[in-house]
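# Fold and contact review
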Amino acid sequence: TQLAAILRAAALGPLRILLPMISAPQEVAAVRVALQRVYRRLKRRKVAMPEELPALGCMIEVPGAALAADTLSQICDFFAIGTNDLTMYTLAIDRGEEQVAHLYNPLHPAVLRLIQFTTEAALRARIPISVCGEMAGEPRFTPLFLGLGIRELSMGAQALPLVKRRVLGLKSSQARALAEQVMRETDGTRIAGLLAES
């Protein structure tokens, strides 16, 4: 039902389908099969639809998806890294849980390595990759994302001017050097310091 509604909406303008909580390529493959089946059914009924199927991508928000990014990149048209959930599931910490919320740290080296691994897989496969979640709208993280090769950030409107200013003040070579330095670190506090200094 949802795929049929999306296909009908796509007749009115371009859209992309982003699948949440993906952990294995088989899940994306199953959606692709269902999407093609629904497309053929609607076409037989002469329902207005786009000429081509919408791009199908997946959210990278669980460690399993990040670690399977090479395989997922072969079946997905794009990636979107959901940093809030990726951090929570990687560290097994719910930020809403008062007793452990202080341990929630998006700069934990394990979280950053999963982001890096996913980004490298997308770049090798030449598929678009974006970052969403609180990290995307935080200007101090912007040089790191640009240095890793990410060029799309999704954020609330209030964060746009600050992040834009940060992007305009950066040189690609500096961002790459910072990312390399950050990815060599094993201490989240030291990583935070490097980003604060950049």
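What this report covers is the structure whose coordinates are included nearby. A quick note: this is a predicted structure, and the numbers were derived from the prediction, not measured. By convention here, each chain's residues receive numbers from 1 onward along its written sequence. The predicted origin of the model limits local features to residues at a pLDDT of at least 70 and limits the giving and counting of side-chain atom pairs to 80 or more, whereas totals for whole chains, interfaces and linings rest on all residues. Side-chain descriptors were evaluated using all non-hydrogen atoms of the structure, hydrogens and water having been removed beforehand.

## Structural notes on the overall build of the protein chain
Assigned secondary structure in the protein chain consists of 10 helices and five strands. C-alpha extents for the protein chain along the principal axes are approximately 60 × 40 × 30 Å. Contacts are residue-level and defined by heavy atoms, with any inter-residue pair within 4.5 Å sufficient. Within the protein chain, contacts between residues at least 6 apart in sequence are counted, and of these 63% link residues at least 24 apart. Method for areas: the Shrake-Rupley scheme with a 1.4 Å probe, in which residue coverage is limited to the protein chains shown. Of the roughly 10800 Å² of accessible surface on the protein chain, a fraction of 53% belongs to carbon and sulfur atoms. For the charge count, each Lys or Arg is scored as positive and each Asp or Glu as negative, with His and the chain ends excluded. All charge positions are set by atom: Lys at NZ, Arg at CZ, Asp at CG, Glu at CD. Averaging the coordinates of the 23 positive side-chain charges in the protein chain and doing the same for the 18 negative ones gives two points 11 Å apart. Under the DSSP-based scheme used, a helix requires at least four consecutive residues in state H or I and a strand at least two consecutive residues in state E, with every element numbered from the N terminus.

## So, helix 2 (residues 25-44)
Multiplying 1.5 Å by the residue count of a helix minus one yields the expected span of that helix. Over its 20 residues, helix 2 extends 29 Å from the first C-alpha to the last, a length consistent with the 28 Å expected when each residue adds 1.5 Å. Within helix 2, the full set of buried residues consists of Pro25, Val28, Val31, Ala34, Leu35, Val38, Tyr39 and Leu42. Packing partners of the buried residues in helix 2 comprise helix 1 (2-10), strand 1 (16-19), strand 2 (55-60) and helix 4 (69-72). Backbone geometry just downstream of helix 2 places lysine 46 in the positive-phi region, at approximately 60°. For every residue, the accessible area (1.4 Å probe, protein chains only) is compared with the maximum for its type, and the residue is labelled buried under 20%, exposed over 50%, or partly exposed between those bounds.

## A look at the pattern of salt bridges
Two side chains with opposite charge may pair up if their charged atoms get near one another. Salt bridge, as applied in this entry: a Lys or Arg side-chain nitrogen positioned within 4 Å of an Asp or Glu carboxyl oxygen. Counting across every chain of the model gives four salt bridges. The salt bridge partner of arginine 140 is glutamate 138, with a shortest N-O separation of 3.7 Å. Take glutamate 138: its relative accessible area is 29%, and that puts it in the partly exposed class.

## What to know about the packing of helix 5 (residues 83-91) against helix 6 (residues 109-125)
For the pair helix 5 and helix 6, the least separation of the axes is 9 Å and the interaxial angle reads 125°. In terms of their interaxial angle, helix 5 and helix 6 are classed as oblique. Every pair of crossing elements has a handedness; the one defined by helix 5 and helix 6 is right-handed. Contact residues: helix 5 offers Thr83, Leu86, Thr87, Thr90 and Leu91, while helix 6 offers Ala110, Val111, Leu114 and Ile115. Taken together, the residues of the contact of helix 5 with helix 6 break down into six nonpolar, three polar and no charged. Note on geometry: axes are lines fitted to C-alpha atoms, helical ones only across the stretch in contact, with angles between N-to-C directions running from 0 to 180 degrees. For classification, angles of less than 35 degrees are called roughly parallel, those exceeding 145 degrees roughly antiparallel, those between 65 and 115 degrees roughly perpendicular, and all remaining angles oblique. We call a crossing left-handed when the near helix sits turned anticlockwise from the far one by less than a right angle, and right-handed when that turn is clockwise. All amino acids are sorted into three groups, where Ala, Val, Leu, Ile, Met, Phe, Trp, Tyr, Cys and Pro are nonpolar, Asp, Glu, Lys and Arg are charged, and the leftover types, Gly among them, are polar.

## Focus: the side chain of threonine 87
When you line up the elements, threonine 87 lands in helix 5. Taking relative accessible area as the criterion, threonine 87 reaches 0% and is therefore assigned buried. Under the rule applied, a polar contact is a pair of N or O atoms within 3.5 Å (in protein, one hydrogen donor and one hydrogen acceptor; residues adjacent in sequence only if both atoms are side-chain atoms). Within the local environment of threonine 87, its side chain forms a polar contact with the backbone oxygen of threonine 83, the two atoms lying 2.8 Å apart. Aside from chain neighbours lying at most four places away, what touches threonine 87 is Tyr104, Asn105, Pro106 and Val111.

## A few points about helix 5
Residues of helix 5 that are buried: Thr83, Leu86, Thr87, Met88 and Leu91. Buried residues belonging to helix 5 abut strand 2, helix 3 (63-67), strand 3 (78-82), helix 6 and strand 4 (129-132). Taken from the residues just after helix 5, alanine 92 is the one with a positive phi, measuring 55°.

## Here's the deal with unusual backbone geometry
A positive phi angle is found at methionine 21, which is not glycine, with a value near 50°. Of the residues examined, methionine 21 reaches a relative accessible area of 37% and is grouped as partly exposed.

## Looking at the pairing of strand 1
What you see with strand 1 is a clean split: Ile17 and Leu19 sit on the buried side and Arg16 and Leu18 on the side with no burial. Strand pairing follows a simple DSSP-based rule, namely that at least 2 bridges must link the two strands. Of the pairings in the sheet, the one linking strand 1 to strand 2 comprises four bridges and is parallel in character. In the sheet register, isoleucine 17 faces strand 2, and the bridge partner there is leucine 56. Handedness of a crossover is defined as follows: orient the strands so they point away from the viewer, and if the path from the first strand over the helix to the second runs clockwise, the crossover is right-handed. Handedness of the crossover joining strand 1 and strand 2 through helix 2: right-handed.

On their own, these measurements won't tell you what the molecule is for.
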